[in-house]
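# Residue-level structure breakdown
These are the residues of each chain, in order.
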Amino acid sequence: MIHISFDSSEFMIKALMTQNIDVFVVKTPFSMGYQGVFSVYYVIQGKRIKAKNDTGIIFVNRKNISSENVKKKLNLP
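Presented here is a report on the structure given in the accompanying data block. (Residues numbered from 1 in each chain as written. Predicted model: local features only at pLDDT ≥ 70, side-chain atom pairs only at ≥ 80, totals over all residues. Heavy atoms only, no water.)

## Some words on helix 2 (residues 29-44)
- With 16 residues, helix 2 extends 23 Å between its outermost C-alpha atoms, agreeing within 8% with the 22 Å of an ideal straight helix rising 1.5 Å per residue.
- In the stretch just after helix 2, Gly46 is the one whose phi turns positive, near 80 degrees. (Helix = DSSP H or I, 4+ residues; strand = E, 2+ residues; numbered from the N terminus. Expected span 1.5 Å × (residues − 1).)

Set out below in structure tokens:
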């Protein structure tokens, strides 16, 4: 059985490293906020926007948690 979790916290990182979960999914809040504001700006100007807008996610597992990109997203040293 594979255990997947959502969002990042110190608890989730420890659970991943102790093999209590296999992977967790992290949202990209900056992109979510940016795309939200950008969409409002476009609508105010009378422009059309996409019905769906992918703001991105990151799958974190034991293999990639030490990569610079993932460490940056999780605010890890």
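## Brief notes about the pattern of salt bridges
- Counted by the stated rule, this structure contains four salt bridges.
- Among the salt bridges present, the one from Asp22 reaches Arg62, with a minimum N-O distance of 3.5 Å. Taken together, the residues span a long stretch of sequence, with Asp22 in the loop between helix 1 (10-17) and strand 2 (23-27) and Arg62 in the loop between strand 3 (57-61) and helix 3 (68-74) at a distance of 40 residues.
- By relative accessible area, which is 27% here, Asp22 ends up partly exposed.
- Accessibility expressed as a relative area gives 31% for Arg62, which makes it partly exposed.
- One salt bridge connects Glu68 with Lys71, and the closest N-O pair in it is separated by 3.6 Å. Highlighted residues: Glu68 and Lys71, both in helix 3, separated by three residues, approximately one helical turn. (Salt bridge = Lys/Arg side-chain N within 4 Å of Asp/Glu carboxyl O. Buried < 20%, exposed > 50% of the residue type's maximum accessible area, 1.4 Å probe, protein only.)

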